[in-house]
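Close look at the chain arrangement
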Amino acid sequence: MSAAELDKAVQLLVRQIAHWQQPRWAAVATAGNVSRADLVHRLVQEIANLAADTEAAPRRVVPRLDNDLALPDQLRVVTADLLAADPGAEALTRAAAEVTATRSAL
């Protein structure tokens, strides 16, 4: 897994969700019993955790903003943070797997 492949996977997901309005975010995801917004926020948190682990920094809670329309931007930011931390192949593979699983579950 390369940084470019993770970036591509995130771009595909962002293109899928960036145009959604609030009712679509509030709908239940096809996998699980949570909203699509909750599922994407969980992904954002997981990628932020990977970035923190890569940097040997403490994990921090990614705030859940009032407006779900900000979730694609949050995803872009935490992915950029992870890629800037120069993660190893294992972290890249795990992040890409999380992105792919989330995209499938939406």
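Basis of the calculations
- Residues numbered from 1 in each chain as written.
- Predicted model: local features only at pLDDT ≥ 70, side-chain atom pairs only at ≥ 80, totals over all residues.
- Heavy atoms only, no water.
- Phe/Tyr/Trp six-rings, centres within 6.5 Å; stacked < 30°, edge-to-face > 60°.
- Lys NZ or Arg CZ within 6 Å of the ring centre and 35° of its normal.
- Salt bridge = Lys/Arg side-chain N within 4 Å of Asp/Glu carboxyl O.
- Helix = DSSP H or I, 4+ residues; strand = E, 2+ residues; numbered from the N terminus.
- Buried < 20%, exposed > 50% of the residue type's maximum accessible area, 1.4 Å probe, protein only.
- Expected span 1.5 Å × (residues − 1).
- Arc of directions from axis to C-beta.
- Contact = heavy atoms within 4.5 Å.

Concerning the packing of aromatic side chains
- In total, this model carries one aromatic pair according to the counting rule given.
- On the numbers, 5.0 Å between centres and 70 degrees between planes, the contact of Trp-20 with Trp-25 is edge-to-face.
- Here the guanidinium or amino end of Arg-36 rests over the ring plane of Trp-20, the centre of that ring lying 4.9 Å away.

Observations concerning the pattern of salt bridges
- One pass over the structure, following the stated rule, counts six salt bridges.
- With its nearest N and O atoms 2.6 Å apart, the salt bridge here joins Asp-38 to Arg-64. Of this pair, Asp-38 sits in helix α3 (residues 36-54) while Arg-64 sits in the loop between α3 and α4 (71-84), placing them 26 residues apart in sequence.
- Owing to a relative accessible area of 35%, Asp-38 belongs among the partly exposed residues under this scheme.
- Note on Arg-64: relative accessible area 36%, which makes it partly exposed.
- When salt bridges with common partners are traced through the structure, they connect Asp-38, Arg-64 and Asp-68 into a single cluster.

Remarks on helix α1 (residues 3-17)
- Spanning 15 residues, α1 covers 21 Å between terminal C-alpha atoms, matching the ideal 21 Å at 1.5 Å per step.
- For α1, the full list of buried residues reads Leu-6, Ala-9, Val-10, Leu-13, Val-14 and Ile-17. Looking down the long axis of α1, one finds its buried residues gathered within 135 degrees of arc, a one-sided arrangement. Facing away from the buried side of α1, by more than 90 degrees, are the exposed residues Ala-4, Lys-8 and Arg-15.
- Looking at the buried side of α1, the elements it contacts are α2 (22-26), α3, α4 and α5 (89-105).

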